[in-house]
Amino acid sequence: MPLSSDRLFLPGATHPPLLSPDYKTTRLRSPRQDLILIPERLGELTGPVFGDGDVDAAESDMSLANGGEAIGQRIIVHGRVVDADGKPVPDTLIEVWQANAAGRYRHRNDSWPAPLDPHFNGVARALTDATGEYRFTTIKPGAYPWGNHHNAWRPAHIHFSLFGRAYTQRLVTQMYFPDDPFFFQDPIYNAVPEAARERMIASFDYDATQPDWALAYRFDIVLRGTRATPFEEA
């Protein structure tokens, strides 16, 4: 059953409401009736199962594609996936996708006149290790216009999708960068209760920066509890 907007914005609330009128597309895709719980079947409980053999290490690098290097500021994005008690969550499949350095996605529906990068596909995936750690290499995405309101620009961000032990166990969130100038007018960011918004912002990690090669950002993901990362109520 979806939570009401009033309940989601009580003190300590974490996740955005399903209907956020300032975010225009939620007016069409948010449920109008209570959700129906469908019991899981055997196939949903037993597979597929993710393991080391399913994900290649090279899939976590978005800075190299189609025989060349992507244009833009190379960065490392890393962190841990943990539960409410801070215990690591191993073998979690993380899929990420993002715009290129000019703020354009490699997608047929993205038609704003920013250049496509022939060496940037904008998708990657990785498994968390035994300590819950993950790591991606990419380039810092650019902001882009999206037509939600007058002079609307999305802050630079990376989309994260986390799977549990099966495809039916999925959580989706976004990672932002520190001090972005577009936070003030972004309805997706501002749909999250104010106290929880900073949990979507990565921290610059100087210690993980690679000399003469890449800057680094840390983004830890908490699945449950009072410090949970905000997720879409999908």
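Because the structure is predicted, anything quoted here is derived from the model rather than measured.

(A) Spatial organisation of the packing of aromatic side chains. This structure, assessed with the given rule, holds 13 aromatic pairs. Consider the rings of Phe 136 and Phe 160, whose centres lie 6.4 Å apart with planes at 90°: the pair is edge-to-face. One end of the pair, Phe 136, is in strand β6 (residues 133-139); the other, Phe 160, is in strand β9 (residues 157-163), and 24 residues separate them in sequence. Across the pair, exposure class does not vary: Phe 136 and Phe 160 are buried alike. Grouping aromatic residues by their ring pairs yields a cluster made of Tyr 134, Phe 136, Phe 160 and Phe 219. Seen from the ring of Trp 146, Arg 154 lies directly overhead, with NZ or CZ sitting 5.5 Å from the centre.

(B) Structural context of the pairing of β6. Taking burial as the measure, the seven residues of β6 include five buried ones, the bulk of the element. Of the strand pairs in this sheet, strand β3 (residues 74-82) and β6 are connected by seven bridges, and their pairing is antiparallel. Looking at β6, one finds that His 78 is bridged to Arg 135.

(C) The arrangement of unusual backbone geometry in detail. Unlike most non-glycine residues, Asn 151 shows phi in positive territory, near 50°. A residue is classified by how much of its surface remains accessible, and Asn 151, at 54% relative accessible area, is exposed. Positive phi, normally seen in glycine, also occurs at Asp 179, with a value near 60°. As for its placement among the helices and strands, Asp 179 is situated in the loop between β10 (170-176) and α4 (187-191). The exposure class assigned to Asp 179 is exposed, which follows from its relative accessible area of 75%.

(D) Region of the structure containing the sheet that holds β10. Pairing within the open sheet is antiparallel, and its four strands lie in the order β5-β4-β9-β10. Unpaired on one side and paired on the other, β5 (123-127) and β10 mark the two borders of the sheet. In this sheet, neighbouring strand axes are inclined to one another by 20° on average, regardless of whether the strands run parallel or antiparallel. When strand β4 (residues 93-97) meets β5, the two strands line up antiparallel, connected through five bridges. Paired with Leu 93 across the bridge in β5 is Leu 127.

Thresholds, definitions, all that
Residues numbered from 1 in each chain as written. Predicted model: local features only at pLDDT ≥ 70, side-chain atom pairs only at ≥ 80, totals over all residues. Heavy atoms only, no water. Phe/Tyr/Trp six-rings, centres within 6.5 Å; stacked < 30°, edge-to-face > 60°. Helix = DSSP H or I, 4+ residues; strand = E, 2+ residues; numbered from the N terminus. Buried < 20%, exposed > 50% of the residue type's maximum accessible area, 1.4 Å probe, protein only. Lys NZ or Arg CZ within 6 Å of the ring centre and 35° of its normal. Pairing = 2+ DSSP bridges. Axes fitted to C-alpha atoms, helices over the stretch in contact; angles between N-to-C directions.

Honestly, it's all geometry; don't read function into it.
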